[in-house]
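# Breakdown of the fold
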Amino acid sequence: MSQLNGAHDMSHGISTHEAVQRLRDGEVVAIPTETVYGLAASIEHPEALTSIYTLKGRPKDNPMILHGASIEQLLPFVEGWSDVHQACADAFWPGPLTLILRASERIPSVVTAGLDTVAIRVPNHPLALEILEQTGPLAAPSANLSGKPSATKASHVNDDFGDAVAVVDGDQASIGLESTVVWAVEDTWRILRPGLIGAEEIDQVANITVDDTSARVEATQSEETDQTPLSPGTKYRHYTPKAKVLWLDMKQHTKPEFTNTTSILFITNSEQNHSEIETLKRKNNAVHHHHASTLDLLAKQLYDWFRSADRQDIDIILIEQFKPVTPTDFTLVNRITRAIN
Ligand code: TXA
Ligand code: MG
């Protein structure tokens, strides 16, 4: 095992009690959520908020999500909270839904990157909620270096930030993909970043039409033609391992030609291809293989597999194509397409 892999196995978890102390003292702490780990700081500490951008190497014009333990904790920071927002919050919080509303004057501009709107969310993780109850609202982007796949395990945070960031280890994120981000200003709701909660589900509980064309079309657009001016974050490269990522269409039998030095990771989701690739793997030790028996499991494992591919110096990652049906499927297509482009 390489030194890098050894370091990866080390865990430096701190207790929630210690996390609360450190956050109150103005430190940045990584906390678990059900989607991905967050790199959190108290909104009472502007220097800590600023240092999040520096730590991540994040462009200063990309705003952060404000996390709270409850709706009540978040309400002072938004304007225009309506029955529709309330219905959404009642149905989906705590959970993987981020709502963007007009910001109140109480929100530090370093959180919103100077915009007049703010993104808010109540995460569904017992440790995050325990911390937030004691610290009050925390601003947190995903706990990864800018451009890298999000962190879905405490060890991923250690890999990216080493000793510079203490982590509360809340186990592997149960969802593994970032929250749905919804533009929920006035009556024109719109999905800016697809996630596990889809437009239809929001429409059902809140009786509001949510435009999700960008979420669906985006998957076929390249970064350059991205027409989503509302969410600064979506214009940046995301979720990207070092390896070249490609879709694998087994039916077309267009299996790429390998040279002996090319190491390839196959990620399959169907039983038939599972066994076919296992056979290939037995014959060629440059072939690696991960299999997800369901797309929910693929969602949970994807970033971990991207990250382990980086540690193993994989050159090419081939992901078996699938026909997206559920919001999870569409979210996977969105994130994989972004890793490809
Ligand atoms: O699941 C998640 O959402 C995770 C966990 C930690 O909560 N957080 C997360 O944060 O993914 P981040 O910063 O990596 O992604 C937040 C996205 C970015 O694309 C950002 O541009 C967008 O939300 N965003 C935040 N505030 C915004 C605002 N006021 N207007 C438009 N987009 C906003
Ligand atoms: Mg992120």
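The present account deals with the structure reproduced in this document.

Conventions adopted
- Position numbers for residues start from 1 in each chain and track the written sequence from start to end.
- Chain letters and ligand numbers both follow the written order, the letters beginning at A and the numbers at 1.
- Per-residue local features are limited, in this predicted model, to residues with pLDDT of at least 70; the limit for side-chain atom pairs, both in listing and counting, is 80 or more; totals at the level of whole chains, interfaces and linings are taken over all residues.
- Values shown for side chains rest on all heavy atoms present in the structure; no hydrogens or waters enter the calculation.
- Salt bridge criterion: a side-chain nitrogen from Lys or Arg within 4 Å of a carboxyl oxygen from Asp or Glu.
- Helix and strand definitions here come from DSSP, where helices need a minimum of 4 consecutive H or I residues and strands a minimum of 2 consecutive E residues; each element is numbered from the N-terminal end.
- Whether a residue is buried, partly exposed or exposed follows from its accessible area with a 1.4 Å probe, protein chains only, as a fraction of its type maximum: under 20%, in between, or over 50%, in that order.
- Only strands joined by at least two bridges in the DSSP assignment are considered to pair.
- The axes are straight lines fitted to the C-alpha atoms, using for helices just the contacting stretch, and the angles between their N-to-C directions are given from 0 to 180°.
- Here, two residues are considered to be in contact whenever any of their heavy atoms come within 4.5 Å of each other.
- Oblique is the label for any angle not under 35 degrees, not over 145, and not in the 65 to 115 range, which are roughly parallel, roughly antiparallel and roughly perpendicular in turn.
- By convention, the crossing between two helices is left-handed when the near helix turns anticlockwise from the far helix through less than a right angle, and right-handed when the turn is clockwise.

Next up on the list: the pattern of salt bridges. Evaluation of the coordinates by the stated rule reveals nine salt bridges. Of the charged contacts in the structure, one is a salt bridge between D116 and R102, with a shortest N-O distance of 3.2 Å. Note that D116 is positioned in the loop between α6 (109-112) and β6 (117-121) and R102 in strand β5 (residues 97-103), a separation of 14 residues in sequence. Judged by relative accessible area, which is 48%, D116 ranks as partly exposed. Residue D159 is joined to R311 by a salt bridge in which the shortest nitrogen-to-oxygen separation is 3.7 Å. Residue D159 is located in helix α8 (residues 154-161), and its partner R311 is located in helix α12 (residues 295-311); the two are separated by 152 residues in the primary sequence. According to the relative accessible area criterion, D159 is partly exposed, its value standing at 31%. Taking relative accessible area as the criterion, R311 reaches 18% and is therefore assigned buried. Bridged by salt links that share partners, the residues E18, R22 and E27 form one connected network.

It is worth spelling out the pairing of β5 at this point. Looking down a regular strand, the side chains alternate between one sheet face and the other. The element β5 is largely enclosed, with a buried count of six among its seven residues. In this structure, strand β4 (residues 78-79) lies alongside β5, joined through two bridges in antiparallel fashion. Looking across to β5, one finds that E79 is bridged to R102. Bridging between β5 and β6 involves four bridges; their strand directions are antiparallel.

Here we have four strands laid out as an open sheet, ordered β12-β15-β13-β14, and parallel in their pairing. On the outer flanks of this sheet lie β12 (244-248) and β14 (287-291), each paired with one strand and no other. Shown here is a sheet whose adjacent strand axes are inclined to one another by a mean of 20°, direction ignored. Judged from the four bridges that link them, strand β13 (residues 264-268) and strand β15 (residues 316-320) form a sheet pairing that is parallel. Looking across to β15, one finds that F266 is bridged to L318. Together, β13, β14 and β15 form the strand contacts of helix α11 (residues 271-283), whose direction differs from that of β14 by roughly 155°.

So, about the side chain of T135. Along the polypeptide, T135 turns up in helix α7 (residues 126-135). Ignoring sequence-local partners within four residues, the contact set of T135 consists of V20 and L23.

Taken N-terminus to C-terminus, the directions of α8 and α12 make an angle of 45°; their axes are 11 Å apart at the nearest point. Taken together, α8 and α12 sit at an angle that is classed as oblique. In terms of crossing hand, the pair formed by α8 and α12 is left-handed. Two secondary-structure elements touch here, α8 through H156, D159 and D160 and α12 through D304, R307 and R311.

By themselves these figures say nothing about function.
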